[in-house]
Amino acid sequence: MRTIFWKETVALSLELFNTLTGKIEPLYASDGVALRFYCCGPTVYDFGHIGNFRTFLHVDVLRRVIKLHGIGVHHVMNVTDVDDKIIRNAGLAGKSIGDFSRKFEQAFFEDMAALNVEYPEQVARATENIPDMVSLIQRLAAEDIAYQTEDGSWYFRIARFPEYGKLSKKDLDGIEDGARIDSDDYDKDSARDFALWKAVKPGETSWDTPLGAGRPGWHIECSAMAMKYLGDSFDLHAGGEDLMFPHHENEIAQSESATHVPFARHWFHVRFLLVEGKKMSKSEGNFYTLRDLLLRGHRASAIRFLLLSVPYRHQLNFTFDGLTESTNAVERLRTFHQRIITGNWPASSSLDDTIATVIRTGDQLFTAALANDLNTAEARAAIFDVLRAVNAAADRNQLTQQDADATLALLAKFDTIFAVLEDRDAELTRTALAWAEAEGRLDETSPEVLAKFGAASLSDADIDALVAERTKAKQQRNFARADAIRNELVEKGILLEDSKDGVRWKRK
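Computed from a predicted model, the values in this text were never measured in an experiment. Per chain, the residues get numbers from 1 upward, laid out in the order the sequence is written. Only residues with pLDDT of at least 70 are given local features in this predicted model, and only at 80 or more are side-chain atom pairs given and counted; all residues enter the totals for whole chains, interfaces and linings. Only hydrogens and water are set aside when side-chain values are computed; all heavy atoms of the structure are taken into account.

## Digging into the overall build of the protein chain
No. 1: Along the backbone of the protein chain there are 16 helices and 17 strands.
No. 2: Each of the three principal axes of the protein chain carries a C-alpha extent, and together these read 90 × 55 × 35 Å.
No. 3: Out of the 508 residues in the protein chain, the part that is buried amounts to 52%.
No. 4: The contacts in the protein chain between residues at least 6 apart in sequence include a share of 74% that link residues at least 24 apart.
No. 5: For every accessible area listed, the method is Shrake-Rupley and the probe measures 1.4 Å; residues are considered covered only by the protein chains on display. With the model as given, the accessible surface of the protein chain reaches about 22,700 Å², and the carbon-plus-sulfur share is 49%.
No. 6: The protein chain carries 61 positive and 77 negative side-chain charges, and their two centres are separated by 4 Å. For helices the rule is a DSSP run of H or I covering at least 4 residues; for strands it is a run of E covering at least 2, with both sets numbered from the N terminus onward. Relative accessibility decides the category of a residue: with a 1.4 Å probe and only protein chains considered, values under 20% of the type maximum give buried, values over 50% give exposed, and everything between is partly exposed. Contact criterion: two residues are considered in contact whenever any of their non-hydrogen atoms come within 4.5 Å of each other. Positive residues here are Lys and Arg, negative ones are Asp and Glu, while His and the chain termini are left out of the count. For charged residues, the charge sits on one atom: NZ in Lys, CZ in Arg, CG in Asp, CD in Glu.

## Quick look at the pairing of strand 3 (residues 34–39)
No. 1: Across the six residues that make up strand 3, a large majority, six, are buried.
No. 2: Residues Ala34, Arg36 and Tyr38 of strand 3 are buried on one face, and the alternating residues Leu35, Phe37 and Cys39, pointing to the opposite face, are buried as well.
No. 3: Any two strands between which DSSP finds at least two bridges are classified as paired. Two elements, strand 3 and strand 4 (residues 72–79), share six bridges in a ladder whose sense is parallel. Note on strand 4: the bridge partner recorded for Phe37 is His75.
No. 4: Following the backbone out of strand 3, through helix 1 (residues 50–68) and into the adjacent parallel strand 4, one traces a crossover that is right-handed.
No. 5: Alignment of strand 3 against strand 11 (residues 234–240), held across three bridges, turns out to be parallel. By the bridge assignment for strand 11, Tyr38 is matched with His237. Handedness of a crossover is defined as follows: with both strands directed away from the viewer, a clockwise route from the first strand across the helix to the second makes it right-handed.

## Some thoughts on helix 11 (residues 376–395)
No. 1: Here, expected helix span is obtained from the residue count minus one, scaled by 1.5 Å. In a regular helix each residue adds 1.5 Å, so 20 residues correspond to 28 Å; helix 11 covers 29 Å between its end C-alpha atoms and thus fits that length.
No. 2: Buried residues of helix 11: Thr376, Ala379, Arg380, Ala382, Ile383, Phe384, Val386, Leu387, Val390, Asn391, Ala393 and Ala394, and no others.
No. 3: For helix 11, the elements touching its buried residues are helix 1, helix 8 (300–307), helix 9 (320–342), helix 10 (354–371) and helix 12 (401–418).
No. 4: Directly beyond the C-terminal end of helix 11, a positive phi value near 60° is found at Asn397.

## So, the pattern of salt bridges
No. 1: Here, a salt bridge means any Lys or Arg side-chain nitrogen found within 4 Å of an Asp or Glu carboxyl oxygen. Per the stated rule, a full pass over the model turns up 38 salt bridges.
No. 2: Linking Glu105 and Arg125 is a salt bridge whose minimum nitrogen-to-oxygen distance equals 2.7 Å. You can see Glu105 sitting in helix 3 (residues 97–114) and its partner Arg125 sitting in strand 5 (residues 122–125), a full 20 residues away along the chain.
No. 3: Among the salt bridges present, the one from Glu469 reaches Arg481, with a minimum N-O distance of 2.8 Å. With Glu469 in helix 15 (residues 460–475) and Arg481 in helix 16 (residues 479–491), the pair connects residues that are 12 residues apart, well separated along the chain.

## Re the sheet that holds strand 13 (residues 273–275)
No. 1: Taken together, three strands build an open sheet; the order of strands is 14-13-15 and the sheet is mixed. The open sheet is flanked by strand 14 (278–279) and strand 15 (316–318), the only strands paired with a single partner.

## Some remarks on the pairing of strand 12 (residues 264–270)
No. 1: A large share of strand 12 lies buried, amounting to seven of its seven residues.
No. 2: As paired elements, strand 11 and strand 12 share six bridges and run parallel to each other. Note that in strand 12 the partner of Gly240 across the bridge is Val270.
No. 3: For the handedness criterion, the β-α-β arrangement of strand 11, helix 6 (residues 244–259) and strand 12 is classed as right-handed.

## Considerations on the sheet that holds strand 5
No. 1: A sheet is described by the order of its strands in space; here five strands give the open sequence 5-4-3-11-12, paired in parallel fashion. Among the strands making up the open sheet, the edge pair consists of strand 5 and strand 12. Between one strand axis and the next, the sheet turns through 20° on average, direction left out of account.
No. 2: Contacting strand 3, strand 11 and strand 12, helix 6 crosses the sheet at an angle of about 160° to strand 11. Axis definition: a line fit to C-alpha positions, over the contact stretch in the case of helices; interaxial angles, taken between N-to-C directions, run 0 to 180 degrees.

## Notes on helix 13 (residues 425–438)
No. 1: Helix length check: helix 13, at 14 residues, gives a terminal C-alpha distance of 20 Å against a target of 20 Å (1.5 Å per residue), a fit within 8%.
No. 2: Of the positions making up helix 13, those classed as buried are Asp425, Ala426, Leu428, Thr429, Ala432, Leu433, Trp435 and Ala436.

## Let's talk about the side chain of His237
No. 1: In this fold, His237 is placed in strand 11.
No. 2: Given a relative accessible area of 0%, His237 falls into the buried group.
No. 3: Here the side chain of His237 touches Glu251 through a polar contact of 2.9 Å, side chain to side chain.
No. 4: His237 has contacts with Tyr38, Cys40, His248, Glu251, Phe263, Ala264, His266, Trp267 and Phe268, leaving out every residue within four places of it along the chain. We call two N or O atoms a polar contact when they sit within 3.5 Å, provided that within protein one can donate a hydrogen and the other can accept it, with sequence-adjacent residues counted only if both atoms are side-chain atoms.

Interpretation in functional terms is not warranted from these geometric data alone.
Quick look at the structure:
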């Protein structure tokens, strides 16, 4: 393999573990303008589950931190809209693969938006890039690395790529030349020649190409689309740890065999999660989609905050106690934010800069934690330390407007990464409820959610009007009416908090 010389680089002051080298290394944009990276996206045969979304949320944090450091991003994510599972499930549903996958692709991006995940700069669908896959296979065939079998399928000859296994660090000395596997399932632990192009089978969707009638194998899709939109060599490749072998290993082999240059310089993998201490699976009864959790009454913001609570290289144990704690943490942040915004703080008149020092230190610790391999746990802790100190100063009437402004600036910086301060939770739960009703799945909705967000529930505007009416009743000393309004709101899951800064409300 020839050496590729990267262009002049601009440092991000960000260090990230590189799966390929096994080291924490500086992350930088090789063109000095934007970090070019690829993330393996969804295979759209079902609704996304919380394990999927943990990966996409940490990729979201990565791109947000890169931008925080003043570097642009060019983020490409694929959508696998043709593979064995899609073909099988579409057939069972009596639909074309296009009609079948479109529903789940739309749901995926709706769920990503609900979790405040930023949209990639480029979404690449497999079915829209077939010619690029065919061209890449032809390049491999020209070097006798791709070969055709009697049924017309094309395979990658692993034995021709001596570096196979360099990403996953698996011992693959026993590679058997010519042993093949054509399944898109990737839970195998053996290295075999894998399908690049699958010859047409009766009833399957296929494309007529110079390779013959058929469809692409899963691995070739990502290689072809990554190189189409990012070039033969790019900065970073991301995905869940389950994709490391064989999918990412296969991407490297087929890409570098065709181009003879490094495919991606940096590899970023997010660990699995457990649910209540067990591997998530439908047979365990602990398999949850985002919509499942919303219909049970959990908040999208709390789910985002929990899935980001543990750094990406550590395993997260997703528990419902943890989700409750995450809900409370988000509520504390929002209440604190509102307090600082609405408070009437005096202008600075003291030489005591204790709180200012706490805020500056919190800012430094927050930034340093994220720059150190995206340590989201330490970054969160730094902000809550500031919250406690500033709240205590406000309680002592020692918070100045200057301190308040600095606190709000730090909270804004925090929210560029964690994105939980804006309260859209009720709206998102209502959207999930409307989806459940349209899909005939209201029986999966908790009674509390139906009562709180169903047709008879109160909108935010309704609540604001009742709060205003209660305030007016109290001013007119009509305490019976004020109490009646409070009781009505409590029955509908709305809690009121009277403070010197006015009345705040929140849903249970």
